[in-house]
Protein chains: 2
Amino acid sequence: MADLNFTLPPERPARTADAAEGADEPIWDIIELLFFAYRDFVGDPDDVLAKFGFGRAHHRVLHFINRNPGIKVADLLVILKITKQSLGRVLKQLVDEGYVVQREGENDRRQRLLFVTPKGEALALKLAGLQTTRIARAVAEIGPNAHETARRFLAAMIDATDRDEVLRLIARAERGGRTRR
Amino acid sequence: MADLNFTLPPERPARTADAAEGADEPIWDIIELLFFAYRDFVGDPDDVLAKFGFGRAHHRVLHFINRNPGIKVADLLVILKITKQSLGRVLKQLVDEGYVVQREGENDRRQRLLFVTPKGEALALKLAGLQTTRIARAVAEIGPNAHETARRFLAAMIDATDRDEVLRLIARAERGGRTRR
DNA sequence: AAAATACGTCAATATGGCTGACCTAAATTT
DNA sequence: AAATTTAGGTCAGCCATATTGACGTATTTT
């Protein structure tokens, strides 16, 4: 195989003439790269989680509680797009083992607001650190514009109906995750 | 996504903006965008697959057979990083329902070389089309450099040990793989 | 002839989803 | 005040996808 280390030949103009046709050629490279990149991206945390007796589901729950302290159970369900029964199972373990605590809502005492404990935050940060190392390495390899372009590309990949909500969610957590009263 | 309203007290000290110092600061935006983008990216195929009684596992198997006609079972296992038992169940369904055929290797009659049928290719292309639509939309939104940058970013996210192998795989399939049915 | 290889299969187990039903406590509506 | 809705929890069972381990069979290699 010839060398195509990371100066991949631009294969966009591969179908110059028939580009106007409706039969769009699948964008195989991005499809496959997303598969492999995501697999490795979640693979690092998976290895650590296994040592704690946790799985990917625990990671997602812990992540979003850490990023959005005080989040309501109902809102977490919306973000994760799972049922409360599915959430309940992993959440119970995280609570029982001291990674997450629940507090009664002040205004509405039916609510169980979710917070990570110091222990939970430590684990969340450890896992995020692994992923950050990978991302930082990728960005460093490619150049300073990579972060911004990657962010915009990934945002554009999100369902249009959800995108603004997701970006708000990220931005809000970026500011510290609370307020908004 | 429903409106998310957090009403809760400040719990965590505000992070120091996006200071350049934070070499240890997690890259939250990419971490979360990857989660949401990948979820939607595989969501489109999932909906179609459900109508066929298939799942995501069938998609992956069908995809890589379609892209690498004549692939050996052993090689497919390496790509997917699953066990032959896991593959076996899914592959059997795809064969039984006429999406994939197996042929004895010419040189080595122990091998079962895998090919998609026309029916299988049609499904693979339909699923790839959905994902391509999403990617093309994202690329169109961002600009002409997006495809190239996204490709390089995603490639750089792959484990260094696997990367060259993956890129070879993609490049080889891009050229048409090997013998067609 | 023996060993290694490619593949298949049986059995048991784990994870993480799902639906449906039902429960309590608290808030809201009537 | 009573009725209803909401937030959340829980029990029970099912499904899809993954795992490990053991074993079998045909074929190739040594």
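Just above, that's the structure.
Since the structure is predicted, the reported quantities are computational estimates derived from the model, not experimental observations. (Residues numbered from 1 in each chain as written. Chains lettered and ligands numbered in written order. Predicted model: local features only at pLDDT ≥ 70, side-chain atom pairs only at ≥ 80, totals over all residues. Heavy atoms only, no water.)

1. Some points on the overall build of chain A
Rules: Here a strand is any run of E in DSSP of at least two residues, a helix any run of H or I of at least four, and the numbering for each starts at the N terminus. We call two residues in contact when some of their heavy atoms are within 4.5 Å. Using the Shrake-Rupley algorithm and a 1.4 Å probe, accessible areas are obtained, with residue cover drawn only from the displayed protein chains.
Summing up its helical and strand segments, chain A has 7 helices and 2 strands in all. Reading chain A from its N end, one meets helices and strands in the order α-α-α-α-β-β-α-α-α. At a minimum sequence separation of 6, the contacts of chain A that also span at least 24 residues come to 55%. When the accessible surface of chain A is summed, it comes to about 9200 Å², and 52% of that surface belongs to carbon and sulfur atoms.

2. Topic: the protein's contact with DNA strand D
To keep things clear, this is the line we draw: Distances are taken per atom, and a residue is near a molecule or strand as soon as one of its heavy atoms is within 4 Å of it. Any pair of N or O atoms that falls within 3.5 Å is considered a polar contact. Within protein, one atom must be able to donate a hydrogen and the other to accept it, and sequence-neighbouring residues count only if both atoms are side-chain atoms.
Close contacts around DNA strand D come from 24 residues, with K84(A), R110(A), R60(B), Q85(B) and S86(B) the closest. In the interface set of DNA strand D, defined as its atoms within 4 Å of the protein, sugar plus phosphate atoms amount to 57%. Between A74(A) and DNA strand D, the recorded distance is 2.9 Å, taken from a backbone N or O atom to a phosphate oxygen. Contact distances for DNA strand D include 3.4 Å between a base oxygen and a side-chain N or O atom of R110(B). Elements that contribute at least two residues to the surface near DNA strand D include exactly α3 (73-80) and α4 (84-96) of chain A together with α2 (56-67) and α4 (84-96) of chain B.

3. A look at the interface of chain A and chain B
For clarity, the cut-off: Values labelled buried area give the accessible surface lost by two parts on being combined, using a 1.4 Å probe and summing over both. Between Lys or Arg on one side and Asp or Glu on the other, a salt bridge is scored when a side-chain nitrogen of the former is within 4 Å of a carboxyl oxygen of the latter.
On the side of chain B, 76 residues touch chain A, which itself brings 90 residues to the contact. For the pair chain A and chain B, the two sides together bury roughly 8800 Å², of which 67% comes from carbon and sulfur. Connecting chain A to chain B are 8 salt bridges. Across the pair R151(A) and D29(B) runs a salt bridge, and its minimum N-O distance is 2.3 Å. Put simply, the parts of the chain that give the side of chain A that touches chain B at least two residues each are α1 (28-52), α2 (56-67), α3, β2 (112-116), α5 (118-142), α6 (145-157) and α7 (160-174) of chain A.

4. Brief notes about the protein's contact with DNA strand C
Worth spelling out the cut-off: Classification convention: Asp, Glu, Lys, Arg as charged; Ala, Val, Leu, Ile, Met, Phe, Trp, Tyr, Cys, Pro as nonpolar; all other residues, Gly among them, as polar.
Taken together, 24 residues are adjacent to DNA strand C, and R60(A), Q85(A), R89(A), K84(B) and R110(B) come closest. The protein-proximal atoms of DNA strand C, defined as those within 4 Å of the protein, are 56% sugar or phosphate. With respect to DNA strand C, the side chain of S86(A) contributes an N or O atom lying 3.1 Å from a phosphate oxygen. Contributions of two or more residues to the surface near DNA strand C are made by α2 and α4 of chain A together with α3 (73-80) and α4 of chain B. Here the element with the most residues in the surface near DNA strand C is α2(A); it accounts for 4 residues. Looking at the surface near DNA strand C residue by residue, the classes come out as 4 nonpolar, 9 polar and 11 charged.

5. A look at α4(A)
All names here are of chain A. Selection rule: Any helix carries an expected span of 1.5 Å times its number of residues minus one. Three labels apply to residues, based on accessible area from a 1.4 Å probe with only protein chains included: buried if under 20% of the type maximum, exposed if over 50%, partly exposed otherwise in between.
The end-to-end C-alpha separation of α4 is 17 Å, in line with the 18 Å expected for 13 residues at 1.5 Å each. Looking only at α4, the buried set comprises L87, V90, L91 and L94. Residues of α4 that are buried in the fold lie against α2, α3, β1 (100-104) and β2. Residue G98 follows α4 closely and has a positive phi angle near 80°.

6. Quick notes on the environment of P45(A)
Residues and elements named next belong to chain A. By the element assignment, P45 lies in helix α1. A relative accessible area of 0% places P45 in the buried class. With 14 residues separating them in the primary sequence, P45 and H59 have C-alpha atoms 7.9 Å apart. The contacts of P45, once residues within four sequence positions are left out, are H59, L127, L130 and Q131.

7. Focus on the pairing of strand β2 (residues 112-116) of chain B
Residues and elements named next belong to chain B. Our working definition: Strand pairing requires that DSSP identify at least two bridges connecting the strands.
Most of β2 is tucked away: 4 of the 5 residues are buried. Note: strand β1 (residues 100-104) against β2, 5 bridges, orientation antiparallel. Across the sheet, the residue bridging to E104 is R112, located in β2.

8. Considerations on helix α5 (residues 118-142) of chain B
Residues that lie three or four places apart on an α-helix share one face, since the helix turns once every 3.6 residues. End to end, α5(B) covers 35 Å across 25 residues, agreeing with the expected 36 Å (1.5 Å per residue, within 8%). Following α5(B) by one or two positions, G143(B) adopts a phi angle in the positive range, close to 135°.

9. Notes on the relation of the copies chain A and chain B
Where we set the bar: Copies overlap after least-squares fitting; the atoms used are the C-alpha atoms of residues with pLDDT of at least 70 in both.
Rotating chain A by 180° and translating it 0.0 Å along the rotation axis places it on chain B, where the RMSD comes to 0.1 Å. Seen this way, the second copy is the image of the first under a two-fold rotation axis. Minimal C-alpha separation from the rotation axis in chain A is found for A150(A), amounting to 3.1 Å. Of the interface residues in chain A, 74% have counterparts in chain B that sit at the interface too, so the contact is made through matching surfaces.

Purely spatial values, then, with no claim about function.
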